[in-house]
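Structural overview
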Amino acid sequence: MYILSCFKHNKLVYYIFLSLLFVHTISDEVDLTVNDAKIFELDSLYVIEQIKFSKKSNDPFDYLFGIFVASNSSTFSDFLPIGMIKELELSDSDDISLSINAPFPYQYIKYNPPSSNRKAITEIKITGHAFSEGEDLSSNNYFKPTGLPLLIINTKNSEEPLSLENYIDSTFIIINNNEIEVNGQASIRLRGHSTATRPKKPYKIKFKDKQKILGLGAFKKWAILANHYDKSLIRNILAFKISEIVGLNFTPKCKPVDVIVNGNFRGNYFICDQIEVKKGRVDIDENEGDDISGGYLIEIDKRATEEEKFFLTDKGLVGEIKYPDEDDITKEQENYIKQYLNKLEKYTYLGDLKYLDLPSFYKYFIVQEFCGDIDSMLSSFHCHKKKADDKLYFGPVWDYDLSFDNDDRLIPTNEKDKFALYYGASAGSTRDFFINLLKTKDVMKNIEKTWTELKAGDFNIEKLKEFINEQKTLLEESANLNSLKWYGSKIGKGKDDFVNSVNVVINYIEKRFDSLTNLIANFDFAGDILKINYFIFCLIFVIF
């Protein structure tokens, strides 16, 4: 039997090795300051069986999500987690133990505390036995916080990803089905806009070569969604499911994971398709050769003027040219898509819709309004144009974490007498453009027809609730830890937060079928026109 103990006394750590035959005390003394990591070096490879420690803080958030990692390198360049403190009320006793069942022997062990209070646990005992050559550990399990796959990101020099532009080299590991499914080199940076300023950061991952991830296909670029604003964690994937049901051309695919970055537990995330022009994603012809008519991917976005390649039409539509990207787009391509969008805008305002793919617009509009997307006119509004095709197609959908009654500007959505697009902010003249489109002859009539056909098919409350309940079961354990991690000290330690948030979504969709049907049937074609005419009348009156 092998036991290594770490005792704090007068700010000194003493390493004591005990065995059945002898007792040996290491002479080196380590000054335990708040900046020191607790690293234990064993004299050879050991199979770790238990980690026992004493908690000395009355605040559980001083030790909750503390992680024990192990490595066979003193630099910890190849470390894997072997255990995590994840019980809020561990025990009335000061002595707590974690059972360890790692599939490898280790020589180095380190404790990564969740907070700056590194003295929250002050005595650690590690129990195990010396590894024997040929010993079979294949029946042991890789550590995962929950039943979900575990994504481990270790950045170069443990640098925290805090830039929206500069990538950091990292190791990217996914543990799934008790095996390392992915183990490769990737670059990481922040992604998003407002979410990038939140404590729980979203990320963008870029591999050098295509990488298969959790059955989602093989691509170089991936989005790691944080869902910081959505305590149910399901709003984005529910919107994607609805996009899939209505039959939009491309719907992002996602898988939930638990995430550890540089030995620090970050909670629940979703690995998702990156919105990009690629076969299997936005699957249109790439813009190559002499024919510059396509493909193009654009995004309506209020912040687009901050980007290098943006468009601003004559009447005020504003957005970013996402593909070709700023490094590849030629001046001819840029001029072409800008002129095309001006022409589309001009004809659409005149009631000529020949440049719009109306079936995809009807479906995209229904997804936006069914979900109650408060930011539908502001950002993340994607359209694409195919090669040798004059029409603009709508989609893919993206960024629905503030939907389904999750924004005070719109709650309660189902009691509003107008579409959601009327209530949020607008990127330039986007709202005016689409209100004008909705009032164009036969557009609302065809939206109503499309909506009726969809409800008669797979778009129904039973199918959506079945999907939600499946995700609730899949996510619950991870979601509860996520609530404790990010909201625990603010909302009753996170208890029932996930379940309550999911119920909000269910209650919303139970009412949305009827409320959206009524909004479509009773759309006010004249309201805004009357307001404009009244304004003109008042202006003329003042002048004369």
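For the structure, check the block above.
Below: a short report on this structure. (Residues numbered from 1 in each chain as written. Predicted model: local features only at pLDDT ≥ 70, side-chain atom pairs only at ≥ 80, totals over all residues. Heavy atoms only, no water.)

Considering the overall build of the chain
Helices and strands together make up the secondary structure of the chain, namely 8 helices and 22 strands. Here the chain, with 544 residues, has 53% of them falling under the buried criterion. Taking as baseline every contact in the chain between residues at least 6 positions apart, the subset at least 24 positions apart corresponds to 68%. Per element, the accessible surface of the chain, about 25300 Å² overall, is 48% carbon and sulfur. (Helix = DSSP H or I, 4+ residues; strand = E, 2+ residues; numbered from the N terminus. Buried < 20%, exposed > 50% of the residue type's maximum accessible area, 1.4 Å probe, protein only. Contact = heavy atoms within 4.5 Å. Areas by Shrake-Rupley, 256 points an atom, 1.4 Å probe, with all protein chains shown as cover.)

Here we look at the sheet that holds strand S20 (residues 318-323)
Across a sheet, strands are paired by hydrogen bonds formed along the backbone, either parallel or antiparallel in direction. Taken together, the 5 strands give an open sheet; going across it, the order is S19-S20-S18-S21-S22, and neighbouring strands pair in antiparallel fashion. The open sheet terminates on both sides in strands that have one partner only, identified here as strand S19 (310-312) and strand S22 (392-394). Ignoring which end each strand starts from, the neighbouring axes of this sheet average 30° apart. Across 5 bridges, strand S18 (residues 296-300) lies against strand S21 (residues 381-385) in antiparallel orientation. In the strand pairing of S21, Ile300 is matched with Phe381. (Pairing = 2+ DSSP bridges. Axes fitted to C-alpha atoms, helices over the stretch in contact; angles between N-to-C directions.)

A few points about the sheet that holds strand S15 (residues 218-225)
An order of S11-S12-S13-S14-S15-S17-S16 is seen for the 7 strands of this closed barrel, with the pairing classed as mixed. Adjacent strand axes in the sheet meet at a mean angle of 35°, parallel and antiparallel pairs treated alike. Running over the sheet, helix H6 (residues 461-487) touches strand S16 (254-261) and strand S17 (264-273) and is turned about 130° from S17.

What about helix H2 (residues 331-349)?
Under the 1.5 Å per step criterion, the end-to-end length of H2 is 27 Å for 19 residues, consistent within 8% with the ideal 27 Å. Contacts made by the buried residues of H2 are with S18, S19, S20, S21, S22 and helix H4 (430-438). Once H2 finishes, Gly351 follows within two positions and takes phi at roughly 90°, a positive value. (Expected span 1.5 Å × (residues − 1).)

Some remarks on helix H1 (residues 235-246)
With 12 residues, H1 should cover 16 Å at 1.5 Å per step; its first-to-last C-alpha distance of 17 Å lies within 8% of that length. Of all 12 residues that make up H1, 10 are buried, and the element is covered over most of its length. Listed as buried for H1 are Arg235, Asn236, Ile237, Leu238, Ala239, Phe240, Ile242, Ser243, Ile245 and Val246. Positive phi appears at Gly247, one or two residues downstream of H1, with a value of about 90°.

Some thoughts on the pattern of salt bridges
What the rule picks out here adds up to 19 salt bridges. In this structure, the salt-bridge partner of Glu369 is Arg512, at a minimum N-O distance of 3.9 Å. Here Glu369, found in helix H3 (residues 358-371), pairs with Arg512, found in helix H7 (residues 497-521); they are 143 residues apart in sequence, far enough to count as distant. Look at the salt bridges and you will find they share partners, linking Lys253, Asp273, Glu276 and Arg281 into a network. (Salt bridge = Lys/Arg side-chain N within 4 Å of Asp/Glu carboxyl O.)

Overview of the nonpolar core
Note that soluble globular proteins tend to have their nonpolar side chains buried in a common cluster. Membership of the largest hydrophobic core comes to 88 residues, with the highest contact counts inside it found for Ile242, Phe361, Phe419, Ile447 and Phe459. It is H7 that provides the largest number of residues to this core, a total of 10 residues. Apart from the residues lying within four places of it in its own chain, the contact partners of Phe459 are Ile242, Ile245, Val246, Ile366, Phe370, Trp451, Leu454, Leu464 and Phe513. Formed by 40 residues, the second largest nonpolar core is a distinct cluster that contains Phe65, Phe68, Phe79 and Ile175. (Core = buried A, V, L, I, M, F, W, Y, C linked by side-chain atoms within 4.5 Å.)

What about empty space enclosed by the protein?
By the definition in use, this model includes 1 cavity of 30 Å³ or more. If you add up the space inside the largest cavity, you get close to 100 Å³. Lining the largest cavity are Ile298, Ile300, Phe311, Leu317, Leu341, Leu344, Cys383, Leu392, Phe394, Phe433 and Phe434. Looking at the lining of the largest cavity, the elements with two or more residues in it are S18, H2, S22 and H4. Considering only residue class, the lining of the largest cavity consists of 11 nonpolar, no polar and no charged. (1 Å grid on protein atoms, 1.4 Å probe; cavity = no way out; pocket = protein on both sides within 12 Å on 5 of 7 lines; lining within 4 Å. Points joined across faces, edges and corners; volume = space filled by probe spheres on them. Nonpolar A, V, L, I, M, F, W, Y, C, P; charged D, E, K, R; others polar.)

Concerning a negative patch on the surface
A cluster of acidic residues, Asp283, Asp285, Glu286, Glu288, Asp290 and Asp291, forms a negative patch on the protein surface. Tracing the chain through its elements places Asp283 in the loop between S17 and S18. In this structure Asp283 comes out as partly exposed when scored by relative accessible area, which is 48%. (Patch = residues over 30% accessible without salt bridge, like charges linked within 9 Å, V, L, I, M, F, W, Y side chains within 5 Å. Lys, Arg positive; Asp, Glu negative; His and termini not counted. Charge placed at Lys NZ, Arg CZ, Asp CG, Glu CD.)

Re the packing of aromatic side chains
Taken as a whole and judged by the stated rule, the model has 32 aromatic pairs. Their ring planes at 85° and their centres at 5.5 Å tell us that Trp451 and Phe459 sit as a pair that is edge-to-face. Here the two residues Trp451 and Phe459 agree in accessibility, since each one is buried. One aromatic cluster is present, built from ring pairs that chain together Tyr349, Phe361, Tyr362, Tyr364, Phe365, Phe381, Phe394, Phe419, Phe433, Phe434 and Phe523. Sitting over the ring of Phe76, Lys110 keeps its end group 4.9 Å from the ring centre. Geometry around Phe219 places Arg281 over its ring, the cationic atom sitting 3.8 Å from the centre. (Phe/Tyr/Trp six-rings, centres within 6.5 Å; stacked < 30°, edge-to-face > 60°. Lys NZ or Arg CZ within 6 Å of the ring centre and 35° of its normal.)

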